[in-house]
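Examination of the molecular architecture
The chain contents come next:
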Amino acid sequence: MSHERDALKHAVAAAAVEELEPKLTRDAVVGVGTGSTANFFIDALAAVRHKFDAAVSSSLASTARLRAHGIPVLDLNAAAAVAVYVDGADEVDPSKALIKGGGGALTQEKIVATAADEFICIVDGSKCVEQLGQFPLPVEVIPMARGLAARALAALSGQPAYRQGFVTDNGHIVLDVHGLDLSDPDALERQVNGIVGVVENGLFAARRPDTVLVGTPTGVVRRA
């Protein structure tokens, strides 16, 4: 099964490169996400690295993989603009709202996605759901606010679980929250981010992707 899923990820990553290649210019900056599907995209992006200037990365792991392919990586503050951001997701609903953050890079991912002119999400078909929430919502929290934030999330009918032994690239912790009502992801994204001590949460509703590419056994489906 993992081999079949990897094949779908490879196909959808290649489709993302085809989607963005006509938009690349020599001074363009490409935003790159984090995770297994994003890794396939980085590998595919290497074939066209001569067509754009540099990348902006959402994690230390992706930065290392980009540089291993000879792709220069800029700090976002040094980039005049980000032409397109490409990343995977843990869940995507029919409205293109996402849950992200299974790999723990949700804050940087949301920053780069928000900065980008265009956001392309790449997933295999197993990530498509009718309503978000089967996957727990990752919430990045300043360590001293762990208990405070957990109680506030429990008050929203969530069941927060501390992600043991994990620290984000920003030096924070992650609470993975089960049981939340995600029928209105836009409102819940704002509500969770309003909790004192929360840095960011993995709902991508305010910044939905412009395009979702879905890898299926019969080919890549484009949802715009």
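None of the values given here were measured: they were computed from a predicted structure. Counting from 1, residues in each chain are numbered in the order their sequence is written. Under the rules for a predicted model, residues below a pLDDT of 70 receive no local features and side-chain atom pairs below 80 are neither given nor counted, while totals for whole chains, interfaces and linings still include all residues. Calculation of side-chain values draws on the structure's entire complement of heavy atoms; hydrogens and water are dropped beforehand.

Attention now goes to the nonpolar core. Residue types Ala, Val, Leu, Ile, Met, Phe, Trp, Tyr and Cys, when buried and joined through side-chain atoms within 4.5 Å, form a set referred to as a nonpolar core. Burial classes follow relative accessibility: with a 1.4 Å probe on protein chains only, a residue under 20% of its type's maximum area counts as buried, one over 50% as exposed, and anything between as partly exposed. The biggest cluster of nonpolar side chains holds 24 residues, and the ones touching the most others in it are Phe41 and Leu45. Mapped by element, the contributors of at least two residues to this core are helix H1 (2-20), strand S1 (29-32), helix H2 (36-45), strand S4 (84-87) and strand S7 (119-124). Residue contacts follow a heavy-atom distance rule, with two residues in contact if any of their heavy atoms lie within 4.5 Å. Apart from residues no more than four positions distant in its own chain, Leu45 is found in contact with Val17, Leu20, Val30, Val32, Phe52, Leu66 and Ile71. One finds Val141, Ala145, Leu188 and Leu203 within the second-largest nonpolar core, a separate group that totals 20 residues. Secondary structure elements follow DSSP: runs of H or I no shorter than four residues count as helices, runs of E no shorter than two count as strands, and numbering proceeds from the N terminus.

Okay, the side chain of Asp87 next. Here Asp87 lies in strand S4. Classification of Asp87 by relative accessible area gives buried; the value is 0%. N or O atoms closer than or at 3.5 Å make up a polar contact, with two conditions inside protein: a donor-capable atom paired with an acceptor-capable one, and, for residues adjacent in sequence, both atoms drawn from side chains. A polar atom in the side chain of Asp87 sits 3.1 Å from the backbone nitrogen of Thr34. Here the side chain of Asp87 touches Lys100 through a polar contact of 2.7 Å, side chain to side chain. Discounting chain neighbours no more than four positions away, the residues touching Asp87 are Gly33, Thr34, Ala38, Lys100, Glu109, Phe119, Ile120, Cys121 and Ile122.

This part takes up H2. Every buried residue of H2 is listed here: Thr37, Ala38, Phe41, Ile42 and Leu45. Considered in projection along H2, the buried side chains sweep an arc of 145 degrees and stay on one side of the axis. Tucked into the core, H2 has its buried residues touching H1, S1, helix H3 (60-68), S4 and S7. Working definition: the arc comes from the directions between the helix axis and the C-beta atoms, pointing outward to the latter.

This next bit is on the sheet that holds strand S9 (residues 159-162). In a beta sheet, neighbouring strands are held together by backbone hydrogen bonds and run either parallel or antiparallel to one another. What the four strands build is an open sheet, ordered S9-S10-S8-S11; its pairing is antiparallel. Two strands close off the open sheet at either side, each with one partner strand: S9 and strand S11 (198-201). Averaged over all neighbouring strand pairs, the angle between strand axes comes to 30 degrees, with direction disregarded. Alignment of S9 against strand S10 (residues 173-178), held across four bridges, turns out to be antiparallel. Of the residues in S10, the one forming a bridge with Ala161 is Asp176. Interaxial angles span 0 to 180 degrees and are taken between N-to-C directions of axes, which are lines fitted to C-alpha atoms, for helices over the stretch in contact. Sheet contacts for helix H6 (residues 185-193): strand S8 (137-141) and S11; angle to S11, the most-contacted strand, approximately 160 degrees. We call two strands paired when DSSP finds no fewer than two bridges between them.

What follows concerns the pairing of S10. With respect to burial, S10 is a largely interior element, five of its six residues being buried. Note that S8 and S10 share five bridges and pair antiparallel. Of the residues in S10, the one forming a bridge with Glu140 is Val174.

Points on a 1 Å grid, built from protein atoms alone, make a cavity when a 1.4 Å probe fits but cannot get out and make a pocket when they are open with protein on both sides within 12 Å along at least 5 of 7 lines; residues with an atom within 4 Å of a point are the lining residues. Grid points are joined across faces, edges and corners, and a volume is the space filled by probe spheres set on the points. Volume-wise, the largest pocket comes out at about 250 Å³. Surrounding the largest pocket, 14 residues form its lining, Ser57, Ser58, Ser59, Asp75 and Gln108 being those nearest its centre. Secondary structure elements with two or more residues in the lining of the largest pocket: strand S2 (54-57), H3, strand S3 (73-74) and helix H4 (106-115). With three residues, H4 is the largest single contributor of residues to the lining of the largest pocket. Polarity classes work like this: nonpolar for Ala, Val, Leu, Ile, Met, Phe, Trp, Tyr, Cys and Pro, charged for Asp, Glu, Lys and Arg, and polar for all others, with Gly in that last group. When its residues are assigned to classes, the lining of the largest pocket shows seven nonpolar, five polar and two charged. A volume near 170 Å³ is recorded for the second largest pocket.

Okay, the pattern of salt bridges next. The working definition used for a salt bridge is a side-chain nitrogen of Lys or Arg within 4 Å of a carboxyl oxygen of Asp or Glu. Across all of its chains, the model carries 12 salt bridges by this definition. Between Lys51 and Glu21 there is a salt bridge; the shortest N-O distance is 2.4 Å. Residue Lys51 is found in the loop between H2 and S2, and its partner Glu21 is found in the loop between H1 and S1; the two are separated by 30 residues along the sequence. The salt bridge partner of Asp186 is Arg208, with a shortest N-O separation of 3.0 Å. Remark: Arg208 occurs in the loop between strand S12 (203-204) and strand S13 (211-216) and Asp186 occurs in helix H6; sequence separation between them is 22 residues. A residue is classified by how much of its surface remains accessible, and Asp186, at 27% relative accessible area, is partly exposed. Connected through salt bridges with shared partners, the residues Asp87, Lys100 and Glu109 form a single ionic network.

Geometric values such as these leave the question of function open.
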